[in-house]
Amino acid sequence: MARTSTIRAIAHALPAKVLAHEELVARFGERSLASILKMSGIRERRVVAPGQCASDLALAAAQRLLKHVPVDPATIDALIFASQTPDYRIPATASILQAKLELAETCCTFDLVQTCPSFVFAMQAGHSMVVAGTARRVLVLSADALTTLIHPQDRGLVTLHGDAAVATLVEPCDDGQGGIELFAAGTAGQHYDRLLVPAGGARLPASEETRREQTDDSGCTRTLEHLFMDGPAVFHFVVYRVRDFLAKLLKDHGLTVADFDTVLLHQANKTMVDMLYKSLGVPSEKRFYYLEHVGNSSGASLPSVLAQAWREGVVKAGSRTLLCSFGGGFAWGAFVIRWPADADAAVPGDVDVPPPTAT
Amino acid sequence: MDLCVKQNIADELQIDPDSLTSDTPLADLPYWDSVTILSVMVILGDATGQEISPMEMANLKTFGDIEALYAAKTG
């Protein structure tokens, strides 16, 4: 058993297809997009092409990571696929990826379903396995293709979201070398209906009625099989509830923002992220953004930020990072990692995943 | 309402602030939508230093309601 775990490497992957601002202007008009661009800070989104799944992005990220890090895939004891957009309802996409990555048959595989904070919970699960000694090496694959659940005429959501995947390799960390220091999480399930896809699950099966398009008062169109978001409710939750969660986490552990070199947040939209940073007193040199040209990639957003922060040298060996994500449920989570002195988690190379070729 | 706050709100709504009266129905404004509602929530929160709830935003029907909310939050 190890005292703690650490992230040995992290690699992200983005679909090559870009949904640019200009295309949305043609769809919705310049004036109606002006306030969204200003609020969100998102100018382009990476979106899956027809036939391209979240797991395809996850596979690409994992393959790049395994090519860069000299580990035998057969030594990966567990694969966790954290996603809201699996390949099938049954079986777990993690099992399919085990075969595609040619991992050992002794590998434990499972899907983890949560909204935007899924990376935190997947890390907690992987970390727990390492510390308990039930897995020496865990591959966490965070992947969401949320754009497949958003109606193309829902101006409020199609402008925000992108798709992405991230592969994170979790391993034991020796005593005194750093590693993950704490996890914290929370849930307020009474607000589940503020961010949801109402139909297509067991509670409201898909039907002709649930496929009927409806346009709301603000001109956004969707069906019950598409994602719905109550913007003010989500905004209020993040700006006040998540702020209070982080403030309490710091206080409970005798920490302040000064104890961290970087504070990384789920890239929901820039205004929201900035309000959270400001309320916590995070100075600009400890902030990092990765959304302007990729969009809000839901569960893949926070690990994408971390992967890119490593690639740009913002997160470094020996430094300490606070990571936090939040989303539908409502659910939220955070963890702290002190990077070992010899940490080198960046995975170089092209992050783009081309569309599938016709067969 | 502070003129600067009114200007900021008018900018989000992409209209002349002089055209906003207490009786102006928000639903009649072409850019009163899910995104500008959030923007106004941020403007009011920043201007008053107070928490603005989703319910308070949902109850806004006229510009006069926004003015009343601002007044209530600034005491």
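Across its full length, chain A carries nine helices and 16 strands. Against the globule reference of 21 Å for 359 residues, chain A gives a C-alpha radius of gyration of 20 Å, in line with a compact fold. Taking the principal axes of the C-alpha coordinates as reference, chain A spans close to 55 × 50 × 35 Å. Split into buried and exposed, the 359 residues of chain A put 58% on the buried side. Of the contacts formed within chain A by residues at least 6 apart in sequence, a portion of 79% connects residues at least 24 apart. As presented, chain A carries roughly 14700 Å² of accessible surface, and 52% of it is formed by carbon and sulfur atoms. Of the charged side chains in chain A, 33 are positive and 38 negative; the average position of the first set lies 5 Å away from that of the second.

All right, on to empty space enclosed by the protein then. All names here are of chain A. This structure, assessed with the given rule, holds one cavity of 30 Å³ or more. Computed from the structure, the largest cavity encloses a volume of approximately 40 Å³. Forming the boundary of the largest cavity are His21, Leu33, Ile36, Leu37, Ser40, Ile42, Arg45 and Thr159. Ranked by residues supplied to the lining of the largest cavity, first place goes to helix 2 (residues 30-40) with four residues. Class assignment of the residues belonging to the lining of the largest cavity gives a composition of four nonpolar, three polar and one charged.

Within the secondary structure layout, serine 325 of chain A lies in strand 14 (residues 320-327). In terms of polar contacts, serine 325 of chain A uses its side chain to reach the backbone carbonyl oxygen of cysteine 116 of chain A, at 2.9 Å.

Here we come to the sheet that holds strand 4 (residues 78-82) of chain A. All names here are of chain A. Judged by pairing direction, the sheet is mixed, and its six strands sit side by side in the order 5-4-6-7-1-16 without closing on themselves. Of all the strands in the sheet, just strand 5 (108-112) and strand 16 (352-353) have a single pairing partner and so form its edges. Pairing of strand 4 with strand 5, which is carried by five bridges, proceeds in the parallel orientation. Bridge pairing in strand 5 links alanine 78 to cysteine 108. Helix 5 (residues 118-132) contacts strand 1 (4-15), strand 4, strand 5, strand 6 (138-144) and strand 7 (164-173) of the sheet and is inclined by roughly 145° relative to strand 1.

What follows is about the pattern of salt bridges. This structure, assessed with the given rule, holds 20 salt bridges over all chains. Of the charged contacts in the structure, one is a salt bridge between arginine 155 of chain A and aspartate 33 of chain B, with a shortest N-O distance of 2.5 Å. Here aspartate 33 of chain B lies in the loop between helix 1 (3-13) and helix 2 (34-48) and arginine 155 of chain A lies in helix 6 (residues 155-158), a pairing that spans two chains. With respect to burial, arginine 155 of chain A and aspartate 33 of chain B carry one shared label: buried.

Okay, the nonpolar core next. Among the nonpolar cores identified, the biggest contains 70 residues, and Phe326 of chain A together with Trp32 of chain B are the most heavily contacted of them. In terms of residue count, helix 7 (residues 231-252) of chain A provides more of this core than any other element does, eleven residues in total. Among residues more than four places away in sequence, those in contact with tryptophan 32 of chain B are Leu13, Leu26, Ala27, Ile37, Val40, Met57, Leu60 and Ile66 of chain B. One finds Val120, Ala164, Val166 and Ala309 of chain A within the second-largest nonpolar core, a separate group that totals 44 residues.

Here is what the cut-offs are and how they apply
Residues numbered from 1 in each chain as written. Chains lettered and ligands numbered in written order. Predicted model: local features only at pLDDT ≥ 70, side-chain atom pairs only at ≥ 80, totals over all residues. Heavy atoms only, no water. Helix = DSSP H or I, 4+ residues; strand = E, 2+ residues; numbered from the N terminus. Rg over C-alpha atoms; globule rule 2.2 N^0.38 Å. Buried < 20%, exposed > 50% of the residue type's maximum accessible area, 1.4 Å probe, protein only. Contact = heavy atoms within 4.5 Å. Areas by Shrake-Rupley, 256 points an atom, 1.4 Å probe, with all protein chains shown as cover. Lys, Arg positive; Asp, Glu negative; His and termini not counted. Charge placed at Lys NZ, Arg CZ, Asp CG, Glu CD. 1 Å grid on protein atoms, 1.4 Å probe; cavity = no way out; pocket = protein on both sides within 12 Å on 5 of 7 lines; lining within 4 Å. Points joined across faces, edges and corners; volume = space filled by probe spheres on them. Nonpolar A, V, L, I, M, F, W, Y, C, P; charged D, E, K, R; others polar. Polar contact = N/O pair within 3.5 Å; in protein donor to acceptor, adjacent residues only side chain to side chain. Pairing = 2+ DSSP bridges. Axes fitted to C-alpha atoms, helices over the stretch in contact; angles between N-to-C directions. Salt bridge = Lys/Arg side-chain N within 4 Å of Asp/Glu carboxyl O. Core = buried A, V, L, I, M, F, W, Y, C linked by side-chain atoms within 4.5 Å.

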